[in-house]
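Notes for the structure review
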Amino acid sequence: MAKLPSISIAIVGSGGAGALTTGNSLLEAACAAGWHGLFTRTLGPQIRGGEAAALVRLAVHPVECLPDRFDLLIGIDWLNAHRFGSEIKVGPGTLVISDPQGGDPPPMVTQSGARVVEIPMKEMAKAIRDGRPNMITLGIAGRLLGLSIEQVVTPIEKRLADKGPAAIEASQSGIKAGFGVAAGIDFGMQLAPPNARATRRWLLSGNEAAALGAIRGGVRFAAAYPITPATEVLEWLAPSLAKVGGVLLQAEDELAAINMIIGSSFGGTPALTATSGPGLSLMIEALGLATSAEIPIVVVDVMRGGPSTGIPTKSEQADLNIAVYGLHGDAPHLVLAPQSIGDCMFTTQWATYLAETLQSPAIVLSDQFMGQARAAIDRPADVAFIGARSVATDIVGAYERYALAANGISPMAIPGTRGGQYTADGLTHSERGIPTSGTADHRAQLDKRRDKLEHFNFGDHWATVEGAGDVAVLTWGSVTSAAREATGRAAADGINVRLIAPRLLLPAQPERMQTALDGVKRILIVEQTHGGQFHRYLRAHYDLPTQVRVLNRPGPLPIMAGEIYRAITEWR
Amino acid sequence: MSTVDTRLARKPAEYKSDIKPIWCPGCGDYHVLMSFTRAFAQLGLPPEQIVVVSGIGCSSRIPAYTNCYGFHGVHGRSLALAAGLKVTRPDLTVVVASGDGDGYSIGGNHFLHACRRNIDMTYVVMDNRIYGMTKGQPSPTTEPEFDTALSPGGTRVRPFHPLVVALASGANFIARCFSGEPNETAAVLVEAIKHPGFSFIEILSPCVTFRPDEKSWKDLVHPAPVTATTDPGKAARRIMTDDGFNLGILYRGNREPFQPAIGATGVDLSELEKDFEL
Amino acid sequence: MSKAAGSPKVADLNDLLAVAYQIEIDAVERYNLLADQMETHNNPELVKVFRDLARAENIHGEEIRRLAGDFDVAAHARQIAKFERSESPEQADLGSAHYLMTPWHALQLSLAGEERALAYFTSIVETAKDPKVKNMAAELVEEEAEHVNLVHRLLRRYPQPSESWAEDLDPPVSQE
């Protein structure tokens, strides 16, 4: 029995089969028992009853990318499962559990060389009062992975806590039955035992992490307009803000949402909204207003497939252009990008801190993959990045809201402060804030807003810079995890590759990048776009070595560690 | 002995900034500015406790001409900005200033929802039935036969009825005023600010440059024949059938203003982490 | 529109003097506002006209102060002299201003203001019970009548503007 550091399971089912609940419960069970794990899902287009697949990766170390191939695939039924062919890779080493009553396994299974074992899960469920096939499935998966019945039953009991003892009992029986039938199957592999650890761990999604990061950074107002895949950020914020004395207001559209948070911030309350590509497009005008009037706000863009309505339920990295270049006029602002689920919390908190300190809007580019995936992470350390705006008080004489200052940051008078009355304006203005079309004022304020960002010391958080060697992989966002796994594999093969992933995209950091690239002769740029947006961004802002290769693919499929590894090793 | 009017603790001049308006001489908005400063003085509010929020257009220039805090935002979004401000700072007095273009065209959607939400603020729309700032295009309140460069021969599209829209959407106080009666308007503005919830005042404010025909408004306006009603049905009938020059407070509602509880609760942030702990 | 409704209550001589004083002060403020507008809009001739009119009204105000003797007419005016409905009678109509207006136009506004003030004091003469008030009001009527005639004389200096007085060969400018 091979003891592996990581095992991946896919569970497929449709029409209320509960495949996603099964996958989530498996993740919760394993994580409670000490393992790390990642849960993502893939869906058909229906709102209910559609085909669904839970993709679960369990490991002894933190994982945030999917495997090149699944070790276990359970089909509660196979209706329309062929749609998942490109996402669920199986092969000769895969064990497939199939229900003879669940339809024919799709070609992705039958042509893969995988071993298929038939188990009549539907019938077994019928034999249990209120039994459900997915509980049988859960029991089978738990047993094959080496979990105990208690470990598997506990998360189900939690989930069904308010459904009553009958429902809980039915599920327990189902799980037991699954355990029973799985005892006779030789899976051939087992998860290596979890590392004994005293550290506290969390299980959460990137969207939840971003929301918590916002509150930690000082956000106490959010405006919400729902959009896939960002809505969960707002839904987590609604009760959470109320708990800490803040408020979330649902807006009539994104145009209202972005203006509401500007209003809140102008009144002194740090504010945030979350959206996706189409919403960010609507918000662009007001982002320019916040830039010009120097009002701190944070906008989380959970990127999805584009352009236009695109693929709302899939991930892509193609909002980089609009985030960096979308504002009309010369409007330098902050753009940041988390690199993992846990990093969604840090980066959103940091973005809030930076926005407040620099009196600038900050766009946080998350994506659907991180946003909606759940992972077990070590509880992040508390960081001291809490928004601390420079506020004008005890004002004597004529107040100059936009007074030129060495660091470009002028103290902001909060309404209610006597003597600080000014009118915030998107019109080009003087130091006093009075609209002007004059050359000197326009230049002075443009310089101020650019310099306050470019002269700020962002510190080491600006990027992940790991490893050594004269080859570097340059990537960002959710691709970072897959890239890290790839460079790890390459290192195990004796190929030393650096990994550089900027967390701060704007303002660019030419000196720091130069240091990071010192000695690098070849760079492999990896990004999930069709048009190579990150590649062009790098060329626009940085000096790159002459040997550059680009591995770019648009969504809907994530870029896999194996692809990146192959690209590294093929470039010799 | 003569009756003594309430002594004002503050003078209107305290609420005027030293910035000279760019409005054309003859513009109704000069009177509106007067009404603002008179109303603020009447209420005795410290200027730093008032925020005037506006969008884009001639009327929207007003914040900088007051000595209060101001926000001159982007076109059509002043109500949203004001909502975010007021909900987080209920201690401030928020007055939103707009025009018929900024408020009823691009701002139309936000107008509906601001009335619906009923946050405590006062919305003043200076209606001159034209887009003045951009040199004379028709607005949603322009007469269908009014000829402009963008609509030769007139739009042939019926103007809409903002007061009825406000009533249907839930505004808690509805009034119509005329800029040429600044004292009257100031009195209505005082009532509007004092009235809880979303107060909406349409101020007919002639545009001397693009609608010289509006000089006749001073002869067309008249006080409303009946006092304000609290019955939305009655108000709907009256407003729907009036001649558009009926002045005064036309509706006073009883809706509770929307204001969620805010402020420190003493809950530690670690409470929020409990959702995620394994 | 009834001017009486919303006019300040004049119960005695002090009230009348205070109101008369306030009327002049309001007129000063209005002429200065118009002068500011003309300054912003580059009509220097009218800046001078309005500043002169403001100065004249200021002198009238001082005269009323003298008439009042020791009585602090300004303080009393602050308490009672509020025109609730209409504007203060001598205030020039803001709505009739125009950036190209000529001195003739300004004087027409001034004339209308003086005539309104005259009518106002006339109504007090007609309705006042207190003989002191009646007499003072009559005095003020005479004053205003003099002002009316003065404006007429000034008007004769300026020809009626031509048909094209408001013609501006440049088109309006859109600032936003």
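What you see is a predicted model, and the numbers here were worked out from it, not measured in a lab. (Residues numbered from 1 in each chain as written. Chains lettered and ligands numbered in written order. Predicted model: local features only at pLDDT ≥ 70, side-chain atom pairs only at ≥ 80, totals over all residues.)

Describing the nonpolar core
Put simply, the rule reads: One nonpolar core equals one set of buried Ala, Val, Leu, Ile, Met, Phe, Trp, Tyr and Cys residues connected by C-beta atoms within 7 Å. With C-beta atoms placed from the backbone, a residue is buried if 20 or more other C-beta atoms are within 10 Å of its own, exposed if 12 or fewer are, and partly exposed between those counts. Helix and strand definitions here come from DSSP, where helices need a minimum of 4 consecutive H or I residues and strands a minimum of 2 consecutive E residues; each element is numbered from the N-terminal end. It is the C-beta atoms, placed from the backbone, that decide contacts: two residues are in contact if theirs lie within 7 Å.
Ranked by size, the top nonpolar core spans 312 residues in total, and within it A:Ala222, A:Val298, A:Ile564 and B:Ile174 carry the most contacts. Here this core gets 16 residues from one element, more than from any other, and that element is helix 1 (residues 13-40) of chain C. Here A:Val298 is in contact with A:Ala214, A:Val219, A:Leu272, A:Thr348, A:Ala351, A:Thr352, A:Ala355, A:Ala362 and A:Val364, once residues within four sequence places are set aside.

Some remarks on the domain arrangement of chain A
All names here are of chain A. To keep it simple, the criterion reads: Where each domain starts and ends comes from a domain assignment, either automatic or drawn from a database.
You can read the domains of chain A as domain 1 (2-191), domain 2 (203-378) and domain 3 (463-570). Taking the mean C-alpha position of each, domain 2 and domain 3 sit 25 Å from one another. On the side of domain 3, 24 residues touch domain 2, which itself brings 23 residues to the contact. Breaking the side of domain 2 that touches domain 3 down by element, the ones donating at least two residues are helix 11 (320-325), strand 14 (334-336), strand 15 (361-367) and helix 13 (368-372).

Digging into the interface of chain B and chain C
What counts here: Three categories are distinguished: nonpolar for Ala, Val, Leu, Ile, Met, Phe, Trp, Tyr, Cys and Pro, charged for Asp, Glu, Lys and Arg, and polar for the others, with Gly belonging to the last.
Taken together, the 26 residues of chain B in the interface contact 26 residues of chain C. Here the side of chain B that touches chain C gets three residues from one element, more than from any other, and that element is helix 7 (residues 182-194) of chain B. Partitioned by chemical class, the residues of the side of chain B that touches chain C number 11 nonpolar, nine polar and six charged.

Comments concerning the arrangement of the chains
The protein chains that touch form two pairs of chains, and the pair with the most contacts between them is chains A and B. In this structure chain A stays clear of chain C, and the shortest span between their C-alpha atoms is 9 Å.

Structural notes on the packing of helix 6 (residues 162-169) of chain B against helix 9 (residues 232-241) of chain B
Residue and element names in this part refer to chain B. To keep things clear, this is the line we draw: Each axis is a line fitted through C-alpha atoms, and for a helix only the stretch in contact is used; angles between axes span 0 to 180 degrees, taken between their N-to-C directions. These descriptions rest on fixed angle ranges, namely under 35 degrees for roughly parallel, over 145 for roughly antiparallel, 65 to 115 for roughly perpendicular, and the rest for oblique. Should the near helix be turned anticlockwise from the far one by less than a right angle, the crossing is left-handed, and should it be turned clockwise, the crossing is right-handed.
Running from N to C, helix 6 and helix 9 cross one another at 165°; their axes reach a closest spacing of 9 Å. Judged by the inter-axis angle, helix 6 sits roughly antiparallel to helix 9. Handedness of the crossing formed by helix 6 with helix 9: left-handed. Residues Leu163, Val164 and Leu167 of helix 6 form the contact with helix 9, whose own contacting residues are Pro232, Ala235, Ala236, Ile239 and Met240. Taken together, the residues that form the contact of helix 6 with helix 9 break down as eight nonpolar, no polar and no charged.

Notes on the pairing of strand 8 (residues 246-252) of chain B
Residue and element names in this part refer to chain B. Convention followed: Each pair of strands is called paired provided DSSP finds at least two bridges between the two strands.
Burial within strand 8 is extensive, with five of its seven residues counted as buried. Both strand 5 (residues 173-178) and strand 8 contribute to a ladder of four bridges, which runs antiparallel. Bridging across to strand 8, isoleucine 174 finds its partner in tyrosine 251. Summarising the sheet, strand 7 (residues 222-223) and strand 8 pair through two bridges and their orientation is parallel. The residue of strand 8 that forms the bridge with proline 223 is leucine 247.

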